[in-house]
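This is what each chain is made of:
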Amino acid sequence: MEIFYSLWFWIGIISVVGIIAGVIIHALDKKAEMAKHGADTQAGGDYRALAEQTLEANKALILRLDAVESRLAAVEKTLTDIPQ
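Residues numbered from 1 in each chain as written. Predicted model: local features only at pLDDT ≥ 70, side-chain atom pairs only at ≥ 80, totals over all residues. Heavy atoms only, no water.

### Re the overall build of the protein
Counting its regular elements, the protein contains 2 helices and 0 strands. In terms of overall dimensions, the protein has a C-alpha envelope of 105 × 40 × 10 Å along the principal axes. Counting every position in the protein, which comprises 84 residues, the buried fraction comes to 1%. Carbon and sulfur atoms form 68% of the exposed surface of the protein, whose accessible area is close to 8100 Å². (Helix = DSSP H or I, 4+ residues; strand = E, 2+ residues; numbered from the N terminus. Buried < 20%, exposed > 50% of the residue type's maximum accessible area, 1.4 Å probe, protein only. Areas by Shrake-Rupley, 256 points an atom, 1.4 Å probe, with all protein chains shown as cover.)

### A word on the environment of R71
The residue R71 is located in helix α2 (residues 47–80) in this model. Residue class for R71 comes out exposed when judged on its relative accessible area of 62%. Taking the C-alpha atoms as reference points, R71 and L28, separated by 43 residues in sequence, lie 59 Å from one another.

### A look at the pattern of salt bridges
This structure, assessed with the given rule, holds 1 salt bridge. Among the salt bridges present, the one from K30 reaches E33, with a minimum N-O distance of 4.0 Å. Separated by 3 residues within a single helix, K30 and E33 lie in helix α1 (residues 7–43), roughly one turn from each other. Owing to a relative accessible area of 45%, E33 belongs among the partly exposed residues under this scheme. (Salt bridge = Lys/Arg side-chain N within 4 Å of Asp/Glu carboxyl O.)

### Some thoughts on the packing of aromatic side chains
Enumeration according to the criterion identifies 1 aromatic pair in this entry. On the numbers, 5.2 Å between centres and 80° between planes, the contact of F9 with W10 is edge-to-face. Looking at F9, the relative accessible area reads 23%, which means it is partly exposed. W10 sits in the partly exposed class, given a relative accessible area of 42%. (Phe/Tyr/Trp six-rings, centres within 6.5 Å; stacked < 30°, edge-to-face > 60°.)

### Examining the environment of K30
Taking the relative accessible area as the measure of exposure, K30 reaches 40% and is therefore partly exposed. Remark: the alpha-carbon pair of K30 and L7, spanning 23 residues in sequence, is separated by 35 Å.

### Topic: a nonpolar patch on the surface
Nonpolar side chains collect at one region of the surface, where I3, F4, W10, I13, I14 and V17 lie side by side and expose about 590 Å² of accessible area between them. Structurally, I13 is set in helix α1. The exposure class assigned to I13 is partly exposed, which follows from its relative accessible area of 35%. (Patch = residues over 30% accessible without salt bridge, like charges linked within 9 Å, V, L, I, M, F, W, Y side chains within 5 Å.)

So, in structure tokens, the structure goes:
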């Protein structure tokens, strides 16, 4: 019975219980994460909506860049056509 009064015994017990609890919590967290990922994959998630929004934004950006490119081409033409 003397061992139960030892500080090192209780420190060891607390450490072992803490490690075991940490492993169990980590395993349950990973299981829940995988279940969520699986459900999200089966449902299609918001990936389609995100892809459509990105596609629209990219189309608008390409149109804007084309307009800027044409304006820059006009400026470049003006600068190269200066008589000397």
